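# Summary of the model geometry
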Amino acid sequence: MKLMIASDIHGSGEYVEQMLERYRSENAQKLLLLGDLLYHGPRNDLPFGYAPKRVAELLNSVQGELLCVRGNCDAEVDQMMLQFPILADYAVLWLEERMVFVTHGHHYSADDPPPLQRGSILLHGHTHLMAMEQREGFWYLNPGSVSLPKGGNPHSYMIYENGVFQLKDMEGAVLEKCSIL
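Quick caveat: nothing in here was measured; it's all calculated off a predicted structure.

## Brief notes about the pattern of salt bridges
Oppositely charged side chains are able to pair whenever their charged atoms sit close together. Here the structure, examined in full by the defined rule, presents eight salt bridges. Residue K168 is joined to E26 by a salt bridge in which the shortest nitrogen-to-oxygen separation is 2.9 Å. Remark: E26 occurs in helix α1 (residues 13-26) and K168 occurs in strand β10 (residues 164-169); sequence separation between them is 142 residues. This pair shows no difference in class: K168 is buried, exactly as E26 is. Beyond isolated ion pairs, a larger network of salt bridges with shared partners links K2, R22, E26, E161 and K168.

This is the structure we're talking about:
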């Protein structure tokens with residue numbers, strides 16, 4: 001299965017359109033969203049193309065292809081706009097016989113991970129900073145942010161296929177990759 005992983009949209013209709021174009025061109029089967037979908041949050045400036053109603057419309061159009069976890073800027077009122085569940089604090093996936101703990105990153109993070117077995121994967125957004133590294137026996141992966149990257153990072157997402165994670169910019173160029181096999 002090919003997954004596209006993205007985080008921290010923060011209500012940008014412009015970047016959601018780009019993200020969905022990349023999703024289609026990547027031919028991924030599922031789009032895994034790591035939270036902060038509609039609202040920009042009090043600490044962030046308005047992202048380019050801020051249009052939360054448009055974001056809801058666009059995401060609802062692919063609702064059957066989405067798997068989401070709740071971000072710190074996501075609320076029950078956002079769920080009223082969306083036709084797919086977004087309020088789970090985490091999800092657990094199994095890829096290549098490895099546990100992948102999927103969360104937004106405001107409760108569990110690379111610096112404060114959940115209990116993980118050696119070789120497990122912690123996948124989260126929240127920081128708006130791309131990451132692909134091994135820490136204390138587990139993999140830490142972060143796709144960065146679709147609409148509000150920080151730390152000089154580009155607008156980005158991640159692809160998983162056949163045991164390989166790839167960080168990509170919004171033009172689809174591979175920035176970094178790692179194999180979990």
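## Overview of the environment of Y90
Of note, Y90 is situated in strand β4 (residues 90-95). Residues Y90 and A110, spaced 20 residues apart in sequence, show a C-alpha to C-alpha distance of 15 Å. Not counting residues up to four positions away in its chain, the partners in contact with Y90 are V69, F101, V102 and T103.

## A few points about unusual backbone geometry
Backbone geometry at D8 places phi at a positive 55°, although glycine is not the residue there. For N162, which is not glycine, the phi torsion reads 50° and is therefore positive. As for its placement among the helices and strands, N162 is situated in the loop between β9 (156-161) and β10. What makes N162 exposed here is its relative accessible area of 58%.

## Observations concerning the sheet that holds strand β2 (residues 30-33)
Strand order in this open sheet of six strands is β3-β2-β1-β9-β10-β11, and the pairing throughout is mixed. Whereas interior strands pair on both sides, the edge strands pair on one side only; in this sheet they are β3 (66-68) and β11 (174-179). Pairwise comparison of adjacent strand axes, ignoring direction, gives a mean angle of 20° for this sheet. Where strand β1 (residues 3-6) meets β2, four bridges bridge the pair, whose relative direction is parallel. The partner of M4 across the bridge, within β2, is L31. Across the face of the sheet, α1 comes into contact with β1, β2, β9 and β10 while running at roughly 140° to β2.

## Describing a nonpolar patch on the surface
The grouping of Y39, L46 and Y50 at the surface amounts to a nonpolar patch, some 280 Å² of accessible area in total. Residue placement: L46 occurs in the loop between β2 and α2 (52-60).

Thresholds applied
- Residues numbered from 1 in each chain as written.
- Predicted model: local features only at pLDDT ≥ 70, side-chain atom pairs only at ≥ 80, totals over all residues.
- Heavy atoms only, no water.
- Salt bridge = Lys/Arg side-chain N within 4 Å of Asp/Glu carboxyl O.
- Helix = DSSP H or I, 4+ residues; strand = E, 2+ residues; numbered from the N terminus.
- Buried < 20%, exposed > 50% of the residue type's maximum accessible area, 1.4 Å probe, protein only.
- Contact = heavy atoms within 4.5 Å.
- Pairing = 2+ DSSP bridges.
- Axes fitted to C-alpha atoms, helices over the stretch in contact; angles between N-to-C directions.
- Patch = residues over 30% accessible without salt bridge, like charges linked within 9 Å, V, L, I, M, F, W, Y side chains within 5 Å.
- Areas by Shrake-Rupley, 256 points an atom, 1.4 Å probe, with all protein chains shown as cover.

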